[in-house]
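Per-entry structural report
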Amino acid sequence: MAAVMKLACLVLACMIVAGPITSNAALTCGAVNSNVAPCIGYITQGGPLPGPCCTGVSKLNSMARSTPDRQQACRCLKTAASALGPNLNAGRAAGLPKACGVNVPFPISTSTNCNSVK
C-alpha cells in the first residue's frame, strides 16, 4: 500500500511539473490530476470504484468544454497514464468514464491522438 501511495504522489508530481502544454487551454494538468487522483487506486489495483473518483471524472468532463481544454485534458491523462507505467490497467482506465456514467468525447488511452480531439 505504501508503494502505491508513493507511486500516486510521483504521478501527481509529474503532472504538476508537466503543466499546461497548450497556451489556448485554460485547463491545467494540475486541475486534471487533482480530479482524477482518487481514481489511481482503482485503475492500478481494481476493487470497488470510489465515489470521489466518479465525482472527479464528472467535474473534469464539465470543466473541459472547449476543444483546447479537451485536448489538454487528453494530454494530461496520457502523461498520467504513462507515469503509472506497468501498474496501469488500460482496460479499467478506458472504462472509467462509462463506469462513472460520464460521456467523454475521446477514448481514455495512451494511444489516443489528442490533436484529433474536438
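Above: the structure in question.
Residues numbered from 1 in each chain as written. Predicted model: local features only at pLDDT ≥ 70, side-chain atom pairs only at ≥ 80, totals over all residues. Heavy atoms only, no water.

**Considering the state of the cysteines**
Filter applied, for reference: The criterion for a disulfide is a pair of cysteine sulfur atoms lying within 2.5 Å. Numbered from the N terminus, helices here are DSSP runs of H or I no shorter than four residues, and strands are runs of E no shorter than two.
The full count for this structure, using the stated rule, is four disulfides. Disulfide pairing places Cys39 opposite Cys53 at an S-S distance of 2.0 Å. Torsion about the S-S bond of the Cys39 and Cys53 cystine: about 105 degrees, corresponding to right-handed handedness. In this pair, Cys39 sits in the loop between helix 2 (29–36) and helix 3 (40–45) while Cys53 sits in helix 4 (residues 51–63), placing the two residues 14 residues apart along the sequence.

**Description of the environment of Ala93**
In plain terms, the rule: Whether a residue is buried, partly exposed or exposed follows from its accessible area with a 1.4 Å probe, protein chains only, as a fraction of its type maximum: under 20%, in between, or over 50%, in that order. The contact criterion used is simple: two residues touch if any of their non-hydrogen atoms lie within 4.5 Å.
Mapped onto the elements of the fold, Ala93 is located in helix 6 (residues 90–99). Judged by relative accessible area, Ala93 falls into the buried class, the value being 10%. Sequence separation between Ala93 and Tyr42 is 51 residues, and the spatial gap between their C-alpha atoms is 8.6 Å. Residue contacts for Ala93: discarding those within four places in its chain leaves Ile43, Leu88 and Ile108.

**Here we look at the packing of helix 2 against helix 4**
Note the threshold: Note on method: axes are straight lines fitted to C-alpha atoms, helices fitted across the in-contact stretch only, with angles between N-to-C directions ranging 0 to 180 degrees. In these notes the angle categories are as follows: under 35 degrees is roughly parallel, over 145 is roughly antiparallel, 65 to 115 is roughly perpendicular, and the rest is oblique. Just so you know the grouping, Ala, Val, Leu, Ile, Met, Phe, Trp, Tyr, Cys and Pro go in nonpolar, Asp, Glu, Lys and Arg go in charged, and all remaining residues, Gly too, go in polar.
Between helix 2 and helix 4, whose axes approach to 7 Å, the crossing angle comes to 150 degrees. Classified by the interaxial angle, the pair formed by helix 2 and helix 4 is roughly antiparallel. Residues Ala31, Val32, Asn35 and Val36 of helix 2 form the contact with helix 4, whose own contacting residues are Cys53, Gly56, Val57, Lys59, Leu60 and Met63. A class-by-class count of the residues in the contact of helix 2 with helix 4 yields seven nonpolar, two polar and one charged.

**Description of helix 4**
The test is simple: An expected span of 1.5 Å times one less than the residue number is assigned to each helix.
Relative to the 18 Å expected for 13 residues at 1.5 Å per residue, helix 4 spans 18 Å between its end C-alpha atoms, a close match to the ideal helical length. Among the structural elements, helix 2 and helix 6 are those in contact with the buried residues of helix 4.

**Side note on the nonpolar core**
Here is the rule: Residues grouped as a nonpolar core are buried Ala, Val, Leu, Ile, Met, Phe, Trp, Tyr and Cys residues, joined through side-chain atoms within 4.5 Å.
Judged by nonpolar contacts, the single largest core of 29 residues is most densely connected at Leu27, Val32, Ile43, Val57 and Leu96. Looking at this core, the elements with two or more residues in it are helix 2, helix 3, helix 4, helix 5 (67–84) and helix 6. Top contributing element to this core by residue count: helix 5, with six residues.

**Quick look at the packing of helix 2 against helix 5**
Stated precisely, the cut-off is as follows: Crossing handedness is defined as follows: a turn of the near helix away from the far one that is anticlockwise and smaller than a right angle gives a left-handed crossing, while the clockwise case is right-handed.
Where helix 2 meets helix 5, the closest approach of the two axes is 9 Å, and the angle between their N-to-C directions is 60 degrees. Relative to helix 5, the element helix 2 is oriented oblique. For the element pair helix 2 and helix 5, the recorded crossing hand is right-handed. Contacts between helix 2 and helix 5 pair Cys29, Val32, Asn33 and Val36 from the former with Gln72, Ala73, Cys76, Leu77 and Ala80 from the latter. Its residues assigned to classes, the contact of helix 2 with helix 5 shows seven nonpolar, two polar and no charged.

**With respect to the side chain of Gln71**
Definition in use: N or O atoms within 3.5 Å of each other form a polar contact, as long as, within protein, one can give a hydrogen and the other can take it, and as long as residues adjacent in sequence are counted only when both atoms are side-chain atoms.
Mapped onto the elements, Gln71 comes out in helix 5. In this structure the side chain of Gln71 is engaged in a polar contact, spanning 3.1 Å, whose partner is the backbone oxygen of Asn115.

It is worth stressing that arrangement in space is one thing and function is another; only the former is reported here.
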